[in-house]
Amino acid sequence: MEALREGMRQAMQQDERVFVIGEDIGVYGGAFGVTAGLIDEFGPKRIIDTPISEAGIAGAVIGAAITGMRPIGEIQFSDFVVISMEQLVMQGAKMRFMFGGKADVPFVMRLAGGSGTGAAAQHSESLENWFVHVPGLKVVMPSSPYDAKGLLLAAIQDNNPIMFFEHKLLYKTKGPVPEEMYTIPLGQSHVVREGKDLTLIATSIMVSRAQQAAEQLAEEGIEIEIIDPRTLKPLDEKPIVDSVIKTGKALIVHEAVKTGGFGGELAAVIMESEAFAYLDAPVRRLAGLDMPIPYNRNLEYHAVPQVENIVEEARKLVKGQY
Amino acid sequence: MNRQMDAELLIDHFQTMLRIRFHEEAIKKLFAQGKIGGSTHLCIGQEAIAVGVIGLLKKEDYIVSTHRGHGHMLAKGGQLKPMLAEILGKNDGYCKGKGGSMHIASIELGNLGANGIVSGGLPIAVGSALSARMRKTDQITVVFFGDGASNEGNTHESMNLASLWKLPVLFLFENNHYAVSTEISRSMAGSMAKRAAGYDIPFTEVDGNDVEAVHFAAEEVIDHVRSGNGPFVMQCNTYRMEGHYFGDAMVYRTSAEVEEWRKKDPILHVEQLFRERSILTADEIASLRAGIQAEVDDAVAFAENSSQPALDSIFSDVYSEWQ
Ligand SMILES: Cc1ncc(C[n+]2csc(CCOP(=O)(O)OP(=O)(O)O)c2C)c(N)n1
Ligand SMILES: [Mg+2]
């Protein structure tokens, strides 16, 4: 979360058109503390606390973006974005197109998503794929502190509306982050780990779970290649396709429910590519169960993929059990 | 206020208020022990509103609650054991451990649900009131909402619909002055009185920490709503005595402000009335307190011993039937 904060701070220092708007982001520092201290540096005119009005936040961000500002909106829990849908989907996403290319809509909407905090069904969702389905929006999902800062800065510089999905459980992860400003271009998949036996494509928190699974499997002599798309849209397909050509097997892991999730899209991308001919097993998806997130901690744990599920699924796929 | 509540009813209300308070205090302890996760919002300091209003409802009437809804549920006949079991995520909970604190509901008791979405309940109240009218019952719906919720579009659409269709809805505005860290003066333009007037809905405002004031105001308001005159907005001013959630450092307000409100504790206020009117002695109050505390302790033990929901039940209740 310090990486995100530093990214926002540097962007605001460099460009006075950048501002942040959301609920309880000022003195309180945001529900998860991501914006802590920014109000001291930039004041309430650029760190804008709003009433509880998600449609209003989205609209304010869009209206400011098309009139020369570069806003960063924050949706306290990504679940609440449902209240912003009309503005984001019907207005922000399509404006450039509808206006014949005459509007730039350069905003970043940051959203805290995911389960694992015991917050139950209305505070734990993973809704990223809803936005992948909307032409005009870009969808970013960082999985590490380094990526978080670089992708956020790239998103702020981008001239398009961007949905930036953070995972609540990742706010506390540690990792090396350069102090200076740097960007990671949107639309570049990242090969997180190389391996020859299986291509595992994972997003957000599932990347670190996949890494843990890969370490366990390495002890059994199974070498997993992990690819993190980082931006779901635009999707950098080539590293994924190349990897599947090499390994002949693909496993997709994400937290969002499987039905209608991004995994279906990834599977189709693989199937439609030249990698199809190299597949020697079905493409498999491991994803959240098709249900709301339960409150009970044990049920919650089992509702989304964990390291042991990834190990088991990957092992079966590699051993030809599908 | 010169009208006085009947002594017996006041004692009854006092006990319900204590039950709510001790329930919330028990949750604080369980939280500190790491037995509860997620976010659990306590209604300490707001007990008089739930008890004063809901105490006047019929069993068949509906309430639509909020994320800070334990008091609403207990006042509507909710039992301590399934409440605490739910909050601990157990099988015997009102929602079998699947919903938790923010989703406590009981259709049988007429609680159409706490809500994790701020303002999520208001449109539902329009629906339940519409349904009551279509089914030709005299049921009313009381929907609770906070100062924070008042600024969502849901709230405005619901007020308009209820007024337009003259529905039996009581919009119960619990102004505890804060929405997480945001004090009402930084969130609300205009006032609830003016907003209600804008939708042609009658409005009244009371001290929400005075159970007697709440009771008498609600009596008139409920009568109005039940008689087919359309909705009413009732504002109860109170204070969120705890942090927004357990562990909130409360950097956004001063301890002097909190101390000031502690003096207006609704439970202490009733105790004062007992003394002034010689209704109960200090000893009698102490013994009532001990009795309720024992009930709560018993319920905590029950909830702690209740079983975890079975893993093979994980999919049940997503649909009423599948295929
Ligand atoms: C749509 C939506 N936005 C934001 C939140 C996060 N949130 C939970 S409670 C809360 C404050 C609510 O304030 P208020 O309505 O005054 O109720 P109170 O907490 O004071 O009881 C916020 C912002 C939410 N749950 N739902
Ligand atoms: Mg409030």
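Notes on the structure follow. Counting from 1, residues in each chain are numbered in the order their sequence is written. Chains carry letters from A onward and ligands carry numbers from 1 onward, assigned in written order. Thresholds applied to this predicted model are a pLDDT of at least 70 for local features of residues and 80 or more for the giving and counting of side-chain atom pairs; totals over whole chains, interfaces and linings are not thresholded and use all residues.

### Comments concerning the overall build of chain B
Okay, so step 1: In this description a helix means any DSSP run of H or I spanning at least four residues, a strand means any run of E spanning at least two, and both kinds are numbered starting from the N terminus. Each helix and strand in chain B was counted, giving eleven helices and seven strands.
Okay, so step 2: The C-alpha atoms of chain B give 19 Å as radius of gyration, which agrees with the globular expectation for 323 residues (20 Å, within 12%).
Okay, so step 3: With the C-alpha coordinates of chain B rotated into their principal frame, the extents come out at 65 × 50 × 40 Å.
Okay, so step 4: The exposure label follows from counting other C-beta atoms within 10 Å of a residue's C-beta, where the C-beta atoms are placed from the backbone and the thresholds are 20 or more for buried and 12 or fewer for exposed, leaving partly exposed in between. Expressed as a percentage of its 323 residues, the buried residues of chain B come to 51%.
Okay, so step 5: Note on contacts: residues are paired as contacts if their backbone-placed C-beta atoms lie within 7 Å. Considering only contacts in chain B between residues 6 or more positions apart, those separated by 24 or more positions represent 74%. Between the two quantities, the radius of gyration covers C-alpha atoms and the globule rule is 2.2 Å times the number of residues to the power 0.38.

### What to know about the sheet that holds strand β5 (residues 138-140) of chain A
Residues and elements named next belong to chain A.
Okay, so step 1: Here seven strands make up an open sheet; going across it, the order is β2-β1-β3-β4-β6-β5-β10 and the pairing mixed. Strand pairing shows two members of the sheet lacking a second neighbour, β2 (47-49) and β10 (231-233), which therefore form its edges. Across the sheet, the mean angle separating the axes of adjacent strands is 20° when strand polarity is ignored.
Okay, so step 2: Strand pairing requires that DSSP identify at least two bridges connecting the strands. Bridge count between strand β3 (residues 70-75) and strand β4 (residues 108-113): four bridges; the pairing is parallel. Every angle, taken between N-to-C directions, lies between 0 and 180 degrees, and every axis is a line fitted to C-alpha atoms, over only the stretch in contact when it is a helix.

### Digging into the pairing of β3(A)
Each regular strand displays side chains that alternate between the two surfaces of the sheet.
Okay, so step 1: Among the six residues in β3(A), six count as buried, and that is most of the element.
Okay, so step 2: Every second residue of β3(A) is oriented toward a common face, with A:Arg70, A:Ile72 and A:Glu74 on one face and A:Pro71, A:Gly73 and A:Ile75 on the other, all of them buried.

### Concerning the pairing of strand β2 (residues 141-146) of chain B
Residues and elements named next belong to chain B.
Okay, so step 1: Across the six residues of β2, six count as buried, placing the element largely inside the fold.
Okay, so step 2: Side chains of β2 alternate between two faces, with Thr-141, Val-143 and Phe-145 and Val-142, Phe-144 and Gly-146 buried alike.
Okay, so step 3: The pairing of strand β1 (residues 62-64) with β2 spans three bridges and is classified as parallel. Looking at β2, one finds that Tyr-62 is bridged to Thr-141.
Okay, so step 4: Pairing of β2 with strand β3 (residues 169-175) involves six bridges; the strand directions are parallel. By the bridge assignment, Gly-146 is partnered in β3 with Glu-174.

### Quick notes on unusual backbone geometry
Okay, so step 1: The omega angle of the peptide bond from A:Lys233 to A:Pro234 is 0°, so this bond is cis rather than trans.
Okay, so step 2: The residue A:Pro234 is located in the loop between β10 and α9 (238-247) in this model.
Okay, so step 3: Unlike most non-glycine residues, A:Ala120 shows phi in positive territory, near 70°.
Okay, so step 4: Its location among the elements puts A:Ala120 in the loop between β4 and α6 (128-132).
Okay, so step 5: Phi angles above zero are rare outside glycine, and B:Met250 is one such case at about 55°.
Okay, so step 6: Relative to the elements of secondary structure, B:Met250 occurs in the loop between β7 (232-237) and α9 (255-262).

### A few points about the nonpolar core
Okay, so step 1: Joining buried Ala, Val, Leu, Ile, Met, Phe, Trp, Tyr and Cys residues through C-beta atoms within 7 Å gives a set, and that set is a nonpolar core. One finds A:Ala314 and B:Leu170 to be the most contacted residues of the largest nonpolar core, which totals 188 residues.
Okay, so step 2: An automatic or database domain assignment supplies the start and end points of every domain. Of the residues that make up this core, three or more belong to each of domain 1 (2-172) and domain 2 (190-318) of chain A.
Okay, so step 3: Leaving out residues up to four positions away in the same chain, A:Ala314 has contacts with A:Leu198, A:Leu200, A:Ala213, A:Leu217, A:Ile224 and A:Leu251.

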